[in-house]
Amino acid sequence: MGDFKGSVGGSRRTIAPVHPWLGSLCLGLAVAASACTEEPGDADEALGSTSEAVIHPRMQVGVRGAADYQNNWQNYLGNAWNNCYGFGSTISSTDDWIYYYNLVGAKAPLEETGDAWGTAYGSADTVDLYFMETHGGNFGSDTVWAMWDQNSLVNSTAMRLGDDARQLSVLASLSCDVLASADGNFWGRWYNAFAGGLRVSLGGWDLLYDAAGIGASFATRVQWGWTFGDAFANATIGGDGRAKPAVAVAATDANSCWGRLGASAPNIFSQARVRDWSIGYMCWVTWN
Amino acid sequence: MKSNKLMYLSLCSLAGMLAISGAAQADESAYSQQAARSALASGLGRSTARVLKRGSLDRSAVAAGLATAFGDRAAGTSLLPDGAVVLVADDWRIAVAADGTAAQGQRVSAAAPPVPTRLDLATLERLGREFISARLSTLVAPRADERIVVLRSMYEVLGGQDVSGRRDPDLVRANRIVFGRSIDGLRVVGGGSTISITFGTDGAPVSFEVDWPSYAVASTVPVASTAAILGRVQRVSAARAGGAAAAAPLPRLDTSRGYPTEVARGVQLSRLECGYFDPGMFTKLGIDTVQPGCKYEVVQSTAVGGNVLRNGLGGAVPAAVTAVPDARWPELQLLSGVAGGAPAPGSASR
């Protein structure tokens, strides 16, 4: 297969032939649920009517990742394109896949500096769900993600997600250690990132494994109505693998925090944004 | 429910002695531990093995069977764009894959509050086998030469921190048991043929996920030697790691001390399991020829200033002397020197 040219308009035109039948069959579960349930002669139809639980509002989705790094400053991730393309192409049957870019020059579009520059820049706040595969880490005071450019790291304390443009709801990073919490400094690392109103963050609390099929399986589970946390965890664990995924959210207090961990595609937009001083508690689930 | 959780947290905070951080780690079954040991020592442990064809099941029949097992009748269904059917039966919402080989279910009603303690492996195995027998027999029906084998327990652990920086003690939210499938004494590895069942802290089931296709025997093939299999793991690990690992000569493999062991420069093999490689339906890889293979997990790291970025690589190498060609199996392509894979992205504006 050739290079995927990930410009906004171009990417959508390029993606379309991948599932040519889907565009006409289902313009979106939210607006065309009845069309999606029609399958003449299918025995399943006899069971009843549409389940509201899996129908979700269309999300705008951005995908970025890095397989190789400038001057090999980071280790190769050979399945990054499989996972990024797999996530985007799968989710595009129910949601809008807006962009698909590498991580060249991607520090600013993930941090507050450029997170609202626009979809052509791959800015995080211009979509509802941002999926990314790259190396990640816990540097104590900062959670970091490696960009393609040599020595370029995105710092969580320089992020403010969920307050500009489309206002990001879900940050899903297939990256190790980004949701580490055992050292007691989760708040310090993540407060700024959540302060803009970000609803859900997904990543590893320890090691994740770069393996083919994770992106597609995460997307499938999201479409099937699982919580983002469960969908990400089961996709990264892949049956009985040793991956250590986690989901984290921010809320006004502990009570509401636990409830917000149940965020899924059908209910994500109904969650009130919690920003700045309103954040009184951060919580997470780790799969051990 | 929510106030119950809060009450538990408050009590735990006051008690100050119920932290389970580090204690709620997965337990490996004896079967799984032995599988990892024997893979390193003796590969597949036999001279021949089958090549299987992954087959689909009747989605409608599976859905109807699950609806019956979980409630008197399905309250509603919907069909997703990928052909999966989602049904609501009694207190459960269940999805069945288009090809009928996989299903997921989530209980709709609230789970029990989190607690400081976990359910042990033996208890979870018992609960899991009861659940499979009572609820999943429509999909999970082992043949005479197949066994359901217990692999491990896992735990969902809740944590939290307030604005003052105070961390509440970790609590177990849910307990999971994972089963696999052995065929003629060889396990299916890679994610396919897996049953995961999650139980609340009261032992009641809260969710499940099953990948359980039918398999037809296509042929029997000779199995590669242990040295050949480990050599493939080394070559694949070095190539996937890139950089110095790919450029340097492969190190002499020392398996005498078990895991971890260095398979390429700076790359540690942390686990190997051999059997029939099937990545399962959810990956959408489309691998339907299920042949002898060994699933590996390796770990590497890079120093960045005074810190370290770690990463894992996972996959499987073929274990037959001559593998059946399959362009959808990344390692098989890599070992064959064939370039390919998903389309690479372009660059964003800068």
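Residues numbered from 1 in each chain as written. Chains lettered and ligands numbered in written order. Predicted model: local features only at pLDDT ≥ 70, side-chain atom pairs only at ≥ 80, totals over all residues.

Draft legend 1. Quick peek at the overall build of chain A. Across its full length, chain A carries 9 helices and 11 strands. By residue count, 66% of the 288 residues in chain A fall in the buried class. Here the analysis covers contacts within chain A between residues at least 6 apart in sequence; of these, 76% occur between residues at least 24 apart. (Helix = DSSP H or I, 4+ residues; strand = E, 2+ residues; numbered from the N terminus. Buried ≥ 20, exposed ≤ 12 C-beta atoms within 10 Å, placed from the backbone. Contact = placed C-beta atoms within 7 Å.)

Draft legend 2. How the structure looks around the overall build of chain B. Each helix and strand in chain B was counted, giving 7 helices and 15 strands. Relative to its length of 350 residues, chain B is compact, with a C-alpha radius of gyration of 22 Å against a globular reference of 20 Å. Considered along the principal axes of its C-alpha atoms, chain B spans approximately 60 × 55 × 50 Å. Put simply, chain B has 350 residues, and 51% of those count as buried. Expressed as a percentage of contacts within chain B between residues at least 6 apart in sequence, the contacts between residues at least 24 apart total 65%. (Rg over C-alpha atoms; globule rule 2.2 N^0.38 Å.)

Draft legend 3. Fine view of the sheet that holds strand β6 (residues 153-155) of chain A. Residue and element names in this part refer to chain A. Pairing is antiparallel across the open sheet formed by 3 strands, whose spatial order is β4-β5-β6. In this open sheet, the two edge strands, each paired with only one partner strand, are β4 (136-138) and β6. Neighbour-to-neighbour, the strand axes of this sheet turn through a mean angle of 25°, independent of strand direction. Where β4 and strand β5 (residues 143-146) come together, 3 bridges link them in antiparallel fashion. By the bridge assignment for β5, asparagine 138 is matched with threonine 143. (Pairing = 2+ DSSP bridges. Axes fitted to C-alpha atoms, helices over the stretch in contact; angles between N-to-C directions.)

Draft legend 4. Fine view of the pairing of strand β4 (residues 92-96) of chain B. Residues and elements named next belong to chain B. Where burial is concerned, most of β4 is hidden: 5 out of the 5 residues are buried. Across the two faces of β4 the burial is the same, with Trp92, Ile94 and Val96 and Arg93 and Ala95 all buried. Where strand β3 (residues 85-89) lies against β4, 5 bridges are found, and the strand directions are antiparallel. Paired with leucine 87 across the strands is isoleucine 94, a residue of β4. Joining the antiparallel neighbours β3 and β4 is a turn of 2 residues, in which aspartate 90 adopts a positive phi near 55°. Note: β4 against strand β5 (residues 102-107), 5 bridges, orientation antiparallel. From the neighbouring strand, valine 96 faces β5, where its bridge partner is alanine 103. Linkage of β4 to β5, two consecutive antiparallel strands, is achieved through a turn of 5 residues, within which glycine 100 is found at a positive phi near 75°.

Draft legend 5. Up close: the packing of helix α4 (residues 80-91) of chain A against helix α7 (residues 214-223) of chain A. All names here are of chain A. Axis separation between α4 and α7 bottoms out at 6 Å; the angle between their running directions is 25°. Overall, the two elements α4 and α7 adopt an arrangement that is roughly parallel. Between α4 and α7 lies a crossing of right-handed hand. Where α4 abuts α7, its residues Asn82, Asn83, Cys84, Gly86, Phe87, Thr90 and Ile91 lie against Ile214, Gly215, Ala216, Phe218, Ala219, Thr220, Val222 and Gln223. (Parallel < 35°, antiparallel > 145°, perpendicular 65-115°, else oblique. Left-handed = near helix turned anticlockwise from the far one by under 90°.)

Draft legend 6. Quick look at helix α5 (residues 226-241) of chain B. Residues and elements named next belong to chain B. Between its first and last C-alpha, α5 extends 22 Å over 16 residues, near the 22 Å set by a 1.5 Å rise per residue. For α5, the full list of buried residues reads Thr226, Ile229, Leu230, Arg232, Val233, Gln234, Val236, Ser237, Ala238, Arg240 and Ala241. Directly after α5, the chain includes glycine 242, whose backbone phi takes a positive value near 70°. (Expected span 1.5 Å × (residues − 1).)

Draft legend 7. The interface of chain B and chain A, seen in detail. With 85 residues of chain B in contact, the opposing surface of chain A contributes 93 residues. With 11 residues, strand β6 (residues 146-162) of chain B is the single largest residue contributor to the side of chain B that touches chain A. Sheet analysis places strand β11 (residues 281-287) of chain A next to β6 of chain B, joined by 7 bridges and oriented antiparallel. Bridge pairing in β6 of chain B links tryptophan 287 of chain A to glutamate 156 of chain B.

Draft legend 8. Quick peek at the domain arrangement of chain B. All names here are of chain B. For chain B, the domain assignment lists domain 1 (2-13 + 28-35 + 57-213) and domain 2 (220-336). A separation of 29 Å is found between the C-alpha centroids of domain 1 and domain 2. Domain 1 puts 16 residues into the contact, and the matching count from domain 2 is 14 residues. When residues in the side of domain 1 that touches domain 2 are grouped by element, the largest group, 4 residues, is from strand β8 (residues 186-189). (Domains from an automatic or database assignment.)

Draft legend 9. Molecular detail of unusual backbone geometry. Residues and elements named next belong to chain B. Between tyrosine 259 and the following residue, proline 260, the backbone shows a cis peptide bond with an omega angle of -10°. Inspection of the secondary structure assignment puts proline 260 in the loop between α6 (243-247) and β12 (261-264). A positive phi is found at aspartate 184, a non-glycine position, where the angle reads about 50°. Residue classification places aspartate 184 among the partly exposed positions, given that 13 C-beta atoms sit within 10 Å. With a phi close to 50°, serine 193 is a non-glycine residue in the positive phi region. Within the fold, serine 193 resides in the loop between β8 and β9 (194-200). The exposure class assigned to serine 193 is buried, which follows from the 29 C-beta atoms found within 10 Å.

Draft legend 10. Focus on the packing of α7 of chain A against helix α8 (residues 228-237) of chain A. Residue and element names in this part refer to chain A. For the pair α7 and α8, interaxial distance at closest approach is 8 Å and the crossing angle is 150°. Classified by the interaxial angle, the pair formed by α7 and α8 is roughly antiparallel. Crossing of α7 over α8 shows right-handed handedness. Here Ile214, Ser217, Phe218, Arg221 and Val222 of α7 come into contact with α8, specifically with Phe228, Ala231, Phe232, Asn234, Ala235 and Thr236. Taken together, the residues that form the contact of α7 with α8 break down as 7 nonpolar, 3 polar and 1 charged. (Nonpolar A, V, L, I, M, F, W, Y, C, P; charged D, E, K, R; others polar.)

Draft legend 11. Fine view of the pairing of β8 of chain B. All names here are of chain B. Note: strand β7 (residues 167-183) against β8, 2 bridges, orientation antiparallel. What sits directly across from serine 182, in β8, is arginine 187. Counted along the chain from β7 to the antiparallel partner β8, the turn is 2 residues long, and its residue aspartate 184 has a positive phi close to 50°. Taken together, the 2 bridges between β8 and strand β13 (residues 267-277) define a ladder with parallel strand orientation. By the bridge assignment for β13, valine 188 is matched with tyrosine 276.

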